[in-house]
Amino acid sequence: MHWLGQTLLKYPELAVFLAVGFGYLVGNLRYKGVGLGPVTGSLLVGLALGHLVPIPVSSTAKSLLFLLFLFSIGYSVGPSFFAAMKGGGWRWPVLAVVQCIAGLLAAYAVAAYLELDPGFSAGLLSGALTESPAIGTASEAIRSLGLSAGETDRLVAHVAVADAVCYIFGTLGLILFCSHVGPWLLRVDLRAEARKVEEALGLDRDRPGVSSAWRPFEMRAYRVEASGRVAGKTVAEAEALMPDSRLFIERVRRGTEVIEPRLDTVLRAGDLVVASGSREALVETLGAAATEVEDRELLDIPVATYDVFVTDPRVVGRKLGELARSLPEARGVFVRAILRGGEKLPVAPNTVLERGDVLQVMGPEPSVLRAERVIGRTVLPTERTDFVVLGLGICAGALFGIFVVVPVGAMRIALGTSVGTLLAGLAVGYLHSIRPLFGRIPEGAISLMTSLGLASFCAMIGIGAGPHFVQAIRDAGPGLFFGGMVVTLVPLLVSLYFGRYVLGLNAALLLGGIAGAQTVTAGMAAVQERSQSPVAVLGYSGTVAVGHILLTTWGTVIVHLVAP
């Protein structure tokens, strides 16, 4: 092992990649769906490497990776954050704010009771509330305290150690609370609560035709028989035969001529028609007398599938079913998926669209392009990143954080480069949702900055803290772990009762929102599994953006609250 230690001392960058690789390996191990996650895995492996070998870590490299991560997080949640601040969904940001403030107050109270230093206090908060980015904002705040280099390094090491100690229960406790403890405390049946939401959305599982009519199933060619239900009717009348379904006549062959029908085109016996819709709608409307035919030329219709940003005021805040009925441009177009903040929402008639949602729409290409004009802008695949906006945005945000000072009582707290960069990403992400051609960053690049940026940063934090690890554990004692349990549970209990009895939220949505406010996707997944329904994502998507912003900022706040 001596050669490995010497190699890592000579090439410290290899230690970072080693920590990230093994960190992902350890973090992806799961027991009954619960795991540490790659970020905590990288932190733990980094601590082990740093404990074994005193590897030097570049502070510039750490800052670079962390700022890239913060900008990407702000960029991804920007549309959801601003959407949460207005409109009829006001209860979700209120829930997130209450939960985050309860978490901060709990962390401050436990830190004061245990007499923890700023480093342990910040790690207690970041681990117990499962927000690893707070490690970075807290570390920056500690460096701004004007302490000696040795004391600063010691306190920064304490942040990493405390986070590792408190994170395990922070994650596991939230998952168990949302899936088992919360429903038990509220005395509710989670499946029944989810069913109420599904019914309100129009997502009826017992009647597949109602929900499945919203999905693009088939495009088939039929011969119109004299005894069929559509013979002698116009295209509009044929499409209106099933008001609860969506069926469209896309093309007609009359004799040797292939025509693009208008709504007033009359269908005649002997016509061959191409209809799109669900199987149930096709069979019910065209009737048993309709004979399916194979006509390659007739069925050769260009079909497009595009992702479209929701930006147009004509659709923002309206229900999907309402748009399908009232917008002529929606004819012939099917919604395959709705993404909000990267999470899939249920595709149902009463799902409300928000600015920044991404609709995956499918249909004949002319129909999709027509619908795009009233939805927003098509997101065409791109591999190019707008580095002008990325570089200048991070620089502007960091400068903003340096010069802006927020008075809190007798204290004056500088936002810092971390929070400033996070806010810059938030602004750029929101502007991109309004003007999709501005500040374009491909999903792959965002994923790389988010995943590799934070994992590498935490790996380097762990490597730097490794030499202090054993002494820090001795200094903290078992009280740190049990204090972390308190900090995890207090905001969960506060938000559970506040959300249920003050805000009047449905239990399934509430528990998804609680998981979102502490940014634990696994908690939402546990609620979905227990309720046997996807609807918890609606609550999760309403709180996760606010949770990311506030909990990351709390890293700065807790340091200044505890610092002497």
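Since this is a predicted model, take the numbers as computed values, not measurements. (Residues numbered from 1 in each chain as written. Predicted model: local features only at pLDDT ≥ 70, side-chain atom pairs only at ≥ 80, totals over all residues. Heavy atoms only, no water.)

### Observations concerning the overall build of the protein chain
When helices and strands are counted, the protein chain shows 23 helices and 12 strands. Relative to its full complement of 564 residues, the protein chain shows a buried share of 55%. Working note: accessible area of the protein chain is about 24600 Å², and carbon and sulfur atoms make up 62% of it. (Helix = DSSP H or I, 4+ residues; strand = E, 2+ residues; numbered from the N terminus. Buried < 20%, exposed > 50% of the residue type's maximum accessible area, 1.4 Å probe, protein only. Areas by Shrake-Rupley, 256 points an atom, 1.4 Å probe, with all protein chains shown as cover.)

### A look at the pairing of strand β7 (residues 334-340)
For β7, the tally of buried residues reaches 5 of 7 residues, placing the bulk of the element in the interior. Note that β7 and strand β8 (residues 343-345) share 3 bridges and pair antiparallel. When the bridges of β8 are listed, Leu 339 appears paired with Lys 344. (Pairing = 2+ DSSP bridges.)

### Digging into the environment of Val 347
Mapped onto the elements, Val 347 comes out in the loop between β8 and β9 (358-364). A sequence separation of 10 residues divides Val 347 from Ala 337, and the C-alpha atoms of the two residues are 6.4 Å apart.

### Section: the pattern of salt bridges
Summed over all chains, the structure comprises 12 salt bridges. Ionic pairing is found between Arg 500 and Glu 193, a salt bridge with its closest N-O pair at 3.4 Å. A residue pair is termed long-range when its members are at least 10 positions apart, and Arg 500 in helix α20 (residues 479-502) and Glu 193 in helix α9 (residues 190-201) qualify at 307 residues. We classify Glu 193 as buried; its relative accessible area is 6%. Each of the salt bridges in this network shares a partner with another, and the network as a whole consists of Asp 117, Glu 151 and Arg 154. (Salt bridge = Lys/Arg side-chain N within 4 Å of Asp/Glu carboxyl O.)

### A word on helix α2 (residues 12-27)
The first and last C-alpha atoms of α2 sit 22 Å apart over 16 residues, in line with the 22 Å expected at 1.5 Å per residue. Every buried residue of α2 is listed here: Ala 15, Val 16, Ala 19, Val 20, Gly 23 and Gly 27. Angularly, the buried residues of α2 cover 135° about the axis, an arc narrow enough to put them on a single face. Counted as exposed and oriented over 90 degrees from the buried face of α2: Phe 17 and Leu 25. (Expected span 1.5 Å × (residues − 1). Arc of directions from axis to C-beta.)

### A word on the confidence of the model for the protein chain
Averaged over all residues, the pLDDT of the protein chain is 81; the fraction at 70 or higher stands at 89%. The low-confidence segment residues 206-216, where pLDDT is below 50, has 29 contacts with residues more than four positions distant or belonging to other chains. (pLDDT = per-residue confidence, 0-100. Contact = heavy atoms within 4.5 Å.)

### What about the sheet that holds strand β5 (residues 291-293)?
The strand order across the open sheet formed by 5 strands is β3-β2-β4-β1-β5, and the pairing between neighbours is antiparallel. With partners counted over all chains shown, the strands left at the sheet margins are β3 (257-259) and β5, one partner each. The sheet shows a mean angle of 30° between the axes of neighbouring strands, direction not considered. (Axes fitted to C-alpha atoms, helices over the stretch in contact; angles between N-to-C directions.)

### Some remarks on the sheet that holds β9
Pairing in this open sheet of 5 strands is antiparallel, and the strands run β8-β7-β9-β6-β10 from one edge to the other. The two strands at the open ends of the sheet, each matched to only one other strand, are β8 and β10 (376-378). For this sheet, the mean inter-axis angle between neighbouring strands, taken without regard to orientation, is 35°. Bridging between strand β6 (residues 303-310) and β10 involves 3 bridges; their strand directions are antiparallel. The partner of Phe 309 across the bridge, within β10, is Arg 377.

### Observations concerning the packing of α20 against helix α21 (residues 507-517)
In the contact formed by α20 and α21, the axes pass within 10 Å of each other and the chain directions differ by 145°. Relative to α21, the crossing made by α20 is right-handed. When α20 is examined against α21, the residues Leu 492, Ser 495, Leu 496, Gly 499 and Arg 500 are found in contact with a partner set consisting of Ala 507, Leu 510, Leu 511 and Ile 514. (Left-handed = near helix turned anticlockwise from the far one by under 90°.)

### Description of the packing of aromatic side chains
Summed over the entire model, instances satisfying the criterion amount to 6 aromatic pairs. Both rings, one in Phe 66 and one in Phe 457, keep their centres 4.4 Å apart while their planes meet at 25°; by these two values the pair is stacked. Linking Phe 66 in helix α4 (residues 59-84) with Phe 457 in helix α18 (residues 443-465), this pair joins segments that are 391 residues apart in sequence. Given a relative accessible area of 3%, Phe 66 falls into the buried group. Each member of the aromatic cluster is reached from another via a ring pair, and the members are Phe 66, Phe 69 and Phe 457. Directly above the aromatic system of Trp 184 lies the positively charged group of Arg 187, at a separation of 4.6 Å from the ring centroid. (Phe/Tyr/Trp six-rings, centres within 6.5 Å; stacked < 30°, edge-to-face > 60°. Lys NZ or Arg CZ within 6 Å of the ring centre and 35° of its normal.)

### Some points on the pairing of β6
Summarising the sheet, β6 and β9 pair through 7 bridges and their orientation is antiparallel. Within the sheet, the bridge partner assigned to Thr 305 lies in β9 and is Met 362.

### Considerations on the environment of Ile 249
With respect to the helices, strands and loops of the structure, Ile 249 is situated in strand β2 (residues 248-254). Expressed as a C-alpha distance, the spacing of Ile 249 and Arg 262, which sit 13 residues apart in the sequence, is 9.2 Å. Ignoring anything within four residues of it in the chain, the contact list for Ile 249 reads Val 235, Glu 239, Pro 261, Val 273, Val 274, Ala 275 and Arg 331.

### Quick look at the side chain of Glu 198
Examined against the element boundaries, Glu 198 turns out to sit in helix α9. A polar contact is formed between the side chain of Glu 198 and the side chain of Ser 533, at a distance of 2.8 Å. (Polar contact = N/O pair within 3.5 Å; in protein donor to acceptor, adjacent residues only side chain to side chain.)

### Remarks on unusual backbone geometry
Its identity is not glycine, yet Thr 130 carries a phi of approximately 55°, on the positive side. Of note, Thr 130 is situated in the loop between α6 (118-128) and α7 (133-143). Its identity as a non-glycine residue notwithstanding, Gln 532 has a phi of 55°, on the positive side. Mapping Gln 532 onto the fold places it in the loop between α22 (521-531) and α23 (536-562). Taking relative accessible area as the criterion, Gln 532 reaches 45% and is therefore assigned partly exposed.

### What about the nonpolar core?
Counting 57 residues, the largest nonpolar core has Leu 43, Leu 125, Leu 480, Trp 554 and Ile 558 as its most contacted members. The element that contributes the greatest number of residues to this core is α23, accounting for 10 residues. With residues near it in sequence (within four places) discarded, Leu 43 still touches Ile 135, Ala 160, Asp 163, Ala 164, Cys 458, Ile 461 and Gly 462. Counting 52 residues, the second-largest nonpolar core is a separate cluster that includes Ala 304, Leu 323, Leu 511 and Ala 515. (Core = buried A, V, L, I, M, F, W, Y, C linked by side-chain atoms within 4.5 Å.)

### Here we look at the packing of helix α16 (residues 387-403) against helix α17 (residues 416-434)
Packing of α16 against α17 brings their axes to within 7 Å, and their N-to-C directions diverge by 135°. Comparing the axis directions of α16 and α17 gives the class oblique. With respect to the hand of their crossing, α16 and α17 are arranged in right-handed fashion. Across the interface between the two elements, Val 389, Gly 393, Ile 394, Gly 397, Ala 398, Phe 400, Gly 401 and Ile 402 of α16 pack against Gly 416, Thr 417, Gly 420, Thr 421, Leu 423, Ala 424 and Val 428 of α17. (Parallel < 35°, antiparallel > 145°, perpendicular 65-115°, else oblique.)

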